[in-house]
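# Coordinate inspection notes
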Amino acid sequence: MRDPSTPRQQEVLLATPSELRDRIRQLGKPAARADDPRLAQVHAILSELGAQPGPLLPVLHAVQDAFGCIPPELVGPIAEGLNLSRAEVHGVITYYHHFRSEPAGRHVLEVCRAESCQAMGSEALWHEACAGLGLPAGGGTTVDGALTLEPVYCLGLCAQSPAAMLDGHPHARLDTGRMSSLVARSVEAA
Amino acid sequence: MNRIRVFVPRDSAALAVGADEVAARIAALAPAEVEIVRNGSRGMLWLEPLVEVETPLGRVAYGPVAPGDVPSLIEAGFLQGDEHPLLVGITDRLPWLKSQERLTFARVGITDPLSLADYEAHGGLAGWRQAQSLPPAAIVQQVLDSGLRGRGGAAFPAGIKWQTVAAAQAPQKYVVCNADEGDSGTYADRMLMEGDPFLLIEGMAIAGLATGATRGYVYVRSEYPHAIATLREAVASARGAGLLGPHFELEVRKAAGSYVCGEETAMLESLEGRRGIVRAKPPLPALQGLFGQPTVINNVLTFAAVPTVLAKGPLAYRDFGMGRSRGTLPFQLAGNVRRGGLVEKAFGVTLRELMFDYGGGTASGRPLKAAQVGGPLGAYLPESQWDLPLDYEAYAAVGAVVGHGGIVMHDDRADMARLARYAMEFCAIESCGKCTPCRIGSTRGVEVVDRIAAADPQLRPQQVKLLRDLCDTMLHGSLCAMGGMTPYPVLSALNHYPEDFGIAAPGRAAA
Ligand SMILES: Cc1cc2nc3c(=O)[nH]c(=O)nc-3n(C[C@H](O)[C@H](O)[C@H](O)COP(=O)(O)O)c2cc1C
Ligand code: SF4
Ligand code: FES
């Protein structure tokens, strides 16, 4: 027998127009399954960082630090946890160069292509690196997933241009030799 | 035996050329009484890793030290300051450093950045103590009297901004530090946050006292992981020491790789958790800023100048500089430069002095062709302008900007048309998209520069005119300086280096 105290009405189908719109919007959107272990982590992040003013960027950084990217199927739970629409969260993720929706390679090499590094030959280094890794001129991830090569616009190492950052570690005064040893090191270590 | 102190910088610029390995090598090979201090950088970046040893004569410097040099250094007696091919000299007596006017960078490279005791022993917290003894209005008055103008680019008087926030009535006010430092060729904010983070914290805490703001944020670019880590550690110790606390809470926020988020209202949007789209002004952020509340927004170097103003007195600060540009600016030599690094000088120094006397000319040894001053939105200056005094008004008079003091040098192989194209391309990549001249104009700009390069010389003048018209539209029709100043590098390249665009110089054409 049903517990009479449970208000039966609330379980039923009647949705408000805005809920309906939301449900329609969710159709075809990637969603994490309820038993996805990543959800617990997202909830932990939300309860740690979600209550501060303007929490979205800190939350997105924490999610990307945890999973290497912000998986599209976690956008819904993040939006819900922060009382934002999925579109708002999606808009923020795609606006900022730092956030990625797909995982990077096992290593990330960011090569500076801004003016100071250009003055010291970074464009040649960049194109050599792309060619050496079989990547298009805009960079990307190698087919074996070992390395992601990305442009960056200044690392604050401009007195020692050209500069790059490998997995968060700065490298400067690069030349063809030092650059290929950086690439070789990460491709081998992958 | 006495302890021997050896200094190996922890600044990113030193780490980027192997300072950690050098420190590890010294730790492994030196006798046990050697203590290794990880200091900030002295700013002589061509000598990094610069290793210093404390001797009775003062600190003796060696550099650039590779890990493989450590055994020979030890053998030569560097721990006593003895001769070695890498010996540079007694650091404080090096002309490159001695001739500078280091007010803001007085401690950077000298102290352990995370030691509050070191900070105080070298004059830290004096400004904060002075501020605590003054009514808020008197603090603001000192900042006004010092003539300090914002160091982030626009050079707006800091005291006036503070006064506006102080006068505003609101339940909550904020202090926000702009540490987005997106300009190529600039690294002074980074060096300060990594090399003397307490100074920034002290400056912001003083801003809190002066304006009645009790919460602060430092918005640091994500490309600076070491600065973020150092600042966060420093904030934790400052809380322990009472500099921060319920009277003023400070949080370090990591940005996410968008250049335009260095524009102050885009930064506020980003801090609030939205896309970094520029807001129209008014309302001024000083009245309706972060979360709609009155907000002081200043650059790292602006806040970092304030403790000196209070400790030494506004008039002592004001004594440096010229015209309406008072105090000092930490200039940053970058690009194709032989001795690149940070040179803090009073306003009024010339580009030629900085690039040749300090910088030693180009790294390539080839003739210097152009210098871009003030970041990607700054003009390219040809040799005829290298003797102008670095002063906000003198630069504005020739269509250039001092900006954040970054100087990017290019040798005679630079193709100025390509650099102009890059300026437009950068604007296209980084535009927030709010206004058409910037969003569409920058993409059109790239196309026009390409067409100039490809065009039949007969058609070129017409394309050049198109580029000028486009720049005019961007200059006058953009909401912020992103679109409004991208024409600076483009037009200066076109005006001073027309041959790179395949057109004769106007003077020659007329002849
Ligand atoms: C596109 C753009 C980027 C900017 N980037 C920075 C920056 O990285 N750091 C900074 O301090 N100011 C930057 N500014 C200037 C800020 O809008 C603002 O003037 C400054 O933070 C105010 O501080 P100040 O008065 O201490 O200079 C930028 C402006 C524009 C238009
Ligand atoms: S000028 Fe560009 S960056 Fe500035 S508000 Fe307009 S579109 Fe945005
Ligand atoms: S421009 Fe490359 S590090 Fe600054």
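- Under an unreviewed UniProt entry, chain B has the name Formate dehydrogenase and belongs to Ramlibacter agri.
- For chain B, the Cofactor (unreviewed entry) comment in UniProt is given as "FMN".
- According to its UniProt record, chain B has this under Sequence similarities (unreviewed entry): "Belongs to the complex I 51 kDa subunit family."

- Looking at an unreviewed UniProt entry, chain A carries the name Formate dehydrogenase subunit gamma, with the source organism given as Ramlibacter agri.
- Among the UniProt annotations of chain A, the heading Sequence similarities (unreviewed entry) holds the following wording: "Belongs to the complex I 24 kDa subunit family."

## A closer look at the side chain of Lys345 of chain B
Residues and elements named next belong to chain B.
- Along the chain, Lys345 turns up in strand S13 (residues 342-346).
- Here Lys345 falls in the buried class, since its relative accessible area comes to 13%.
- Within polar-contact distance, the side chain of Lys345 engages the backbone oxygen of Ser99 at 2.9 Å.
- Those residues within four positions of Lys345 in sequence are excluded, and the remaining contacts are Ser99, Gln100, Glu101, Thr328, Leu329, Phe331 and Tyr358.

## Focus: the packing of helix H10 (residues 197-211) of chain B against helix H13 (residues 300-312) of chain B
Residues and elements named next belong to chain B.
- Across the interface, H10 lies against H13 with an axial gap of 7 Å and an inter-helix angle of 75°. On the basis of their axis angle, the class for H10 and H13 is roughly perpendicular. Only Val300, Phe303, Ala304, Val306, Pro307 and Leu310 of H13 make contact with H10, whose side of the interface consists of Leu199, Leu200, Glu202, Gly203, Met204, Ile206 and Ala207.
- Looking at side-chain class alone, the contact of H10 with H13 contains 11 nonpolar, 1 polar and 1 charged residues.

## Considerations on the UniProt feature "binding site: [2Fe-2S] cluster" (unreviewed entry) in chain A
Residues and elements named next belong to chain A.
- Within the UniProt annotation, "binding site: [2Fe-2S] cluster" (unreviewed entry) is assigned to Cys112, Cys117, Cys154 and Cys158. The annotated residues occupy 47 residues of the chain but converge on a single region, no pair of C-alpha atoms lying more than 9.5 Å apart.
- The residue Cys117 is located in helix H6 (residues 115-118) in this model.
- Each residue touching Cys117, except ones within four places of it in the same chain, is listed here: Cys112, Ser122, Ser161, Pro162 and Ala163.

## Some points on the interface of chain A and chain B
- Counting from both sides, the interface comprises 38 residues of chain A and, opposite them, 62 residues of chain B.
- Looking only at chain A, the three residues that lose the most surface to chain B are Tyr95, Glu115 and Tyr153 of chain A, adding up to 19% of its buried area.
- Linking chain A to chain B there are 0 salt bridges.
- Viewed at the interface, chain B and chain A are joined by 24 residue pairs in polar contact (both at pLDDT 80 or more).
- Among the elements of the structure, helix H3 (56-67), helix H5 (86-95), H6 and strand S5 (169-171) of chain A are those that each provide at least two residues to the side of chain A that touches chain B.
- At 4 residues, H3 of chain A tops the list of elements feeding residues into the side of chain A that touches chain B.
- The residue inventory of the side of chain A that touches chain B, partitioned by class, reads 21 nonpolar, 12 polar and 5 charged.

## Some points on the site of ligand 2
- Around ligand 2, a shell composed of 13 residues is seen, among which Cys432, Lys434, Cys435, Cys438 and Cys480 of chain B lie nearest.
- Among the residues forming the shell around ligand 2, the class breakdown is 8 nonpolar, 4 polar and 1 charged.

## Focus: the site of ligand 1
All names here are of chain B.
- As a structural note, the neighbourhood of ligand 1 is formed by 19 residues, with Gly152, Asn178, Asn298, Asn299 and Thr302 the closest of them.
- Take Asn299: an N or O atom from its side chain is 2.8 Å from an oxygen atom of ligand 1.
- Take Thr302: an N or O atom from its side chain is 2.7 Å from an oxygen atom of ligand 1.
- Across the complex, the protein chains shield 91% of the 610 Å² of accessible surface that ligand 1 would expose by itself.
- Contributing elements (two or more residues each) for the shell around ligand 1: strand S9 (295-299) and helix H20 (481-485).
- Counting residues per element, the shell around ligand 1 draws most heavily on S9, which supplies 3 residues.

## With respect to the sheet that holds strand S12 (residues 328-335) of chain B
Residues and elements named next belong to chain B.
- Overall, mixed pairing links the 5 strands, which are arranged S13-S12-S16-S14-S15 in an open sheet. Looking at which strands have only one partner, the edges of the open sheet turn out to be S13 and strand S15 (380-381).
- Inspection of the sheet shows S12 paired to S13 by 5 bridges, in the antiparallel sense. Of the residues in S13, the one forming a bridge with Thr328 is Ala346.

## Quick word on the sheet that holds strand S1 (residues 4-7) of chain B
All names here are of chain B.
- Overall, mixed pairing links the 5 strands, which are arranged S2-S1-S3-S4-S5 in an open sheet. Because the sheet does not close on itself, it has two edges, and the strands there are strand S2 (34-37) and strand S5 (87-90). Each neighbouring strand pair of the sheet contributes to a mean axis angle of 25°, computed without reference to strand direction.
- Running at roughly 170° to S2, helix H2 (residues 19-29) makes contact with S1, S2 and strand S3 (51-55) of the sheet.

About the thresholds
- Position numbers for residues count from 1 along each chain, tracking the sequence in the order it is written.
- The order in which chains are written sets their letters, starting at A; the order in which ligands are written sets their numbers, starting at 1.
- Reporting in this predicted model follows two pLDDT cut-offs: at least 70 for local features of residues, and 80 or more for side-chain atom pairs to be given and counted; totals over whole chains, interfaces and linings ignore these cut-offs and use all residues.
- Side-chain measures here rest on the full set of heavy atoms in the structure, leaving out hydrogens and waters.
- UniProt positions are given in the numbering used here, feature names are shortened, and annotations may be inferred rather than shown by experiment.
- Helix and strand labels come from DSSP, where a helix needs a run of H or I of at least four residues and a strand needs a run of E of at least two; each type is numbered from the N terminus.
- Each residue is placed in one exposure class: buried if its accessible area under a 1.4 Å probe, protein chains only, is under 20% of its type's maximum, exposed if it is over 50%, and partly exposed if it falls in between.
- Distance and chemistry together define a polar contact, namely a pair of N or O atoms within 3.5 Å, with one atom able to donate a hydrogen and the other to accept it when in protein, and with adjacent residues in sequence counting only for side-chain atoms on both sides.
- Whether two residues are in contact is decided by their heavy atoms: any pair within 4.5 Å suffices.
- Throughout, an axis means a line fitted to C-alpha atoms (over the contacting stretch in the case of helices), and angles, computed between N-to-C directions, take values from 0 to 180 degrees.
- For classification, angles of less than 35 degrees are called roughly parallel, those exceeding 145 degrees roughly antiparallel, those between 65 and 115 degrees roughly perpendicular, and all remaining angles oblique.
- Residues are sorted three ways: Asp, Glu, Lys and Arg are charged, Ala, Val, Leu, Ile, Met, Phe, Trp, Tyr, Cys and Pro are nonpolar, and all the rest, Gly among them, are polar.
- Buried area is understood as the total, over both parts, of accessible area removed when two parts are fitted together, assessed with a 1.4 Å probe.
- By definition here, a salt bridge exists when the distance from a side-chain nitrogen of Lys or Arg to a carboxyl oxygen of Asp or Glu is within 4 Å.
- Any residue with a heavy atom lying within 4 Å of a molecule or strand is counted as near it.
- Note that accessible areas follow from Shrake-Rupley with a 1.4 Å probe, and for residues the cover is restricted to the protein chains shown.
- For two strands to count as paired, DSSP must find a minimum of two bridges between them.

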